[in-house]
Amino acid sequence: ARRILGIASPRPMVMIMGGWSGWGALDRLAMEIQRLNRDADIVVVAGRNREMHRALTRHASMPGSRLRVLEYVDRVDLLMRAADVLVGKAGGMTSAEALAAGLPAVLVHILPGQERANASFLCGHGAAVAATGPANAAAIVARLIHEPSLREAMSLSACAVARPGAASTIVRSVLEGAHASLYCV
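All of these numbers come straight from a predicted model, not from anything done at the bench.

Caption draft 1: Up close: the packing of aromatic side chains. Under the defined criterion, the tally for this structure stands at zero aromatic pairs. Against the face of Tyr72 rests Arg48, its NZ or CZ located 3.9 Å from the ring centre.

Caption draft 2: Spatial organisation of the nonpolar core. In this structure, Met15, Met80 and Leu86 are the most contacted members of the largest nonpolar core, which totals 27 residues. Looking at this core, the elements with two or more residues in it are strand 1 (13-17), strand 2 (41-45), helix 4 (76-82), helix 5 (92-101), strand 5 (105-107), helix 6 (114-124) and helix 8 (148-161). Examining the composition of this core, we find that four residues originate from one element, helix 4, more than from any other. Among the nonpolar cores identified, the runner-up in size contains 26 residues, and Ile16, Met52, Val85 and Leu144 belong to it.

Caption draft 3: Quick look at the pairing of strand 3 (residues 67-70). Here strand 3 shows one buried face, formed by Leu67 and Val69, and one open face, formed by Arg68 and Leu70. Traced from strand 2 through helix 3 (residues 50-60) to strand 3, the parallel crossover comes out right-handed.

Calculation notes
Residues numbered from 1 in each chain as written. Predicted model: local features only at pLDDT ≥ 70, side-chain atom pairs only at ≥ 80, totals over all residues. Heavy atoms only, no water. Phe/Tyr/Trp six-rings, centres within 6.5 Å; stacked < 30°, edge-to-face > 60°. Lys NZ or Arg CZ within 6 Å of the ring centre and 35° of its normal. Core = buried A, V, L, I, M, F, W, Y, C linked by side-chain atoms within 4.5 Å. Buried < 20%, exposed > 50% of the residue type's maximum accessible area, 1.4 Å probe, protein only. Helix = DSSP H or I, 4+ residues; strand = E, 2+ residues; numbered from the N terminus. Right-handed = clockwise from strand over helix to strand, strands pointing away.

Take a look at the structure:
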């Protein structure tokens, strides 16, 4: 995945996302994570949040910055396969894609409702850790970067609960049910 994306760095890669809309304090997260993790590269997906993209691009252009800032991307799956740790929200798509990629997640800015349930599931199965804010998220990332065995355990936990073929299974089940109902008239 890194080769396809043109990422030649051997350093650990932290991916920060705020969903398609770039929601959350992505700039504060990126700055804190960069401050505590000098030996990691950081890719921030700002989504459709142009203001956030501009602010992060300014930070990325500073000397010594290891930030790479992207707008909305179509191949989140590829980015997740290139990353070592995900920092972001517990939205449905983000959670499912992280599980499918076996990517350990640090969850921050968890919204009530579905995201809280997703976070509970991910954390309960050892695939993620919930952070209380940017500083706490950066500290958790530092621990994951410096303890590859912990990162690997979280990755294995994510893979154990992932259902990457779920969509195909659902479609097949629906089609079989529709086919069966044709004969039940």
